[in-house]
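In case you want the letters, here they are:
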Amino acid sequence: MKPAKPPIGFVLFQTSKVVARAFDDAMVEAGGSQPTWLVLLSLMPGGERSQSELAQAVGVQGPTLTHHLNGLEAQGLIVRARDPVDRRSHQVTLTPAGRARFLTLRQTAERFDARLRGDLGDAAVDQLRDLLAQLRVNVSGGEA
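Student: Explanation requested: the sheet that holds strand β2 (residues 78–82) in the structure shown.
Tutor: In a beta sheet, neighbouring strands pair by backbone hydrogen bonds and run either parallel or antiparallel. One open sheet holds the three strands; their spatial order is β1-β3-β2, and the pairing between them is antiparallel. What marks the edges here is a single partner per strand, and that holds for β1 (48–50) and β2. Mean inter-strand twist for the sheet, computed between neighbouring axes without regard to direction, equals 25 degrees. Bridge analysis of β2 against strand β3 (residues 90–94) gives five bridges, and the strand direction is antiparallel. Bridge pairing in β3 links I78 to L94.

Student: Explanation requested: the packing of aromatic side chains in the structure shown.
Tutor: Two numbers describe a pair of aromatic rings. These are the distance of the centres and the angle of the planes. One pass over the full model with this rule turns up two aromatic pairs. Here the aromatic rings of F23 and F112 are separated by 5.2 Å at their centres, their planes lie at 65 degrees, and the arrangement is edge-to-face. Highlighted residues: F23 in helix α1 (residues 8–29) and F112 in helix α5 (residues 96–117), separated in sequence by 89 residues. Just as F23 is buried, F112 falls in that class too. Centroid distance W37 to F102: 5.2 Å. Interplanar angle 5 degrees. Geometry classified as stacked. Here F102 lies in helix α5 and W37 lies in helix α2 (residues 34–43), a separation of 65 residues in the sequence. Of the two residues examined, W37 and F102, each falls in the buried class.

Student: Is there a simple way to think about helix α4 (residues 62–74) in this case?
Tutor: Each full turn of the α-helix corresponds to 3.6 residues, which orients residues three or four apart in the same direction. For α4, with 13 residues, the first-to-last C-alpha span of 18 Å sits near the 18 Å given by 1.5 Å per residue. Along α4, the positions that sit buried rather than exposed are L65, L69 and L72. Within α4, the buried residues cover an arc of 60 degrees as seen down the axis, which keeps them to one side. Across from the buried face of α4, at angles greater than 90 degrees, the exposed residues are P63, H67 and A74. Contact partners of the buried residues in α4: α2, α3 (51–58), β2 and β3. The positive-phi residue at the C-terminal boundary of α4 is G76, with phi of around 80 degrees.

Student: Just to check I follow, could you spell out the packing of α3 against α4 for this structure?
Tutor: Helix-helix packing: each pair is described by the crossing angle between the helix axes and the interaxial distance. Where α3 meets α4, the closest approach of the two axes is 10 Å, and the angle between their N-to-C directions is 105 degrees. If you check the angle between α3 and α4, you find them roughly perpendicular. Two secondary-structure elements touch here, α3 through Q51, L54 and A55 and α4 through L65, T66 and L69. Per-class residue counts for the contact of α3 with α4 are four nonpolar, two polar and no charged.

Student: Explain the pairing of β3 to me, please; I cannot follow it from the model alone.
Tutor: Consecutive side chains of a regular strand alternate in pointing toward one face of the sheet and then the other. Direction of pairing for β1 relative to β3: antiparallel, over a ladder of three bridges. Bridge assignment links E48 to a residue of β3, and that residue is T93.

Student: Looking at this structure, how should I read the side chain of Q51?
Tutor: Mapping Q51 onto the fold places it in helix α3. When sequence neighbours within four positions are dropped, the list of residues in contact with Q51 reads L65, T66, L69, R80, H90 and V92.

The rules behind each value
- Residues numbered from 1 in each chain as written.
- Predicted model: local features only at pLDDT ≥ 70, side-chain atom pairs only at ≥ 80, totals over all residues.
- Heavy atoms only, no water.
- Pairing = 2+ DSSP bridges.
- Helix = DSSP H or I, 4+ residues; strand = E, 2+ residues; numbered from the N terminus.
- Axes fitted to C-alpha atoms, helices over the stretch in contact; angles between N-to-C directions.
- Phe/Tyr/Trp six-rings, centres within 6.5 Å; stacked < 30°, edge-to-face > 60°.
- Buried < 20%, exposed > 50% of the residue type's maximum accessible area, 1.4 Å probe, protein only.
- Expected span 1.5 Å × (residues − 1).
- Arc of directions from axis to C-beta.
- Contact = heavy atoms within 4.5 Å.
- Parallel < 35°, antiparallel > 145°, perpendicular 65-115°, else oblique.
- Nonpolar A, V, L, I, M, F, W, Y, C, P; charged D, E, K, R; others polar.

In structure tokens:
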């Protein structure tokens, strides 16, 4: 028997794919990409992080991050250097060009967020944020 409405997980999955694709398209048009934005955003507060911290913050595996960092380094947006304390670790540092690209992409992200919100009011956005957080808790066994 077919359910009257699609399961919420399916709706969330479909919505997530459409939103992610539209966001990446906006970032590409602005001279970046979703991975570029996530790396630059993660580096902005202090300007430097270890590759392992960065992978965790961005939510990707080490080899995937390395691929993205290679491209960002080739563009002059970041530099990587061995950690003087732990030679097995690399520190990733944002360059002035990386900071400038972040500022450009931040404007794109802000415009995209406004487009995504559409005519949703602040109360609806807050409720959506709370509902999404609850879904994360539900599937993670109690961890937000």
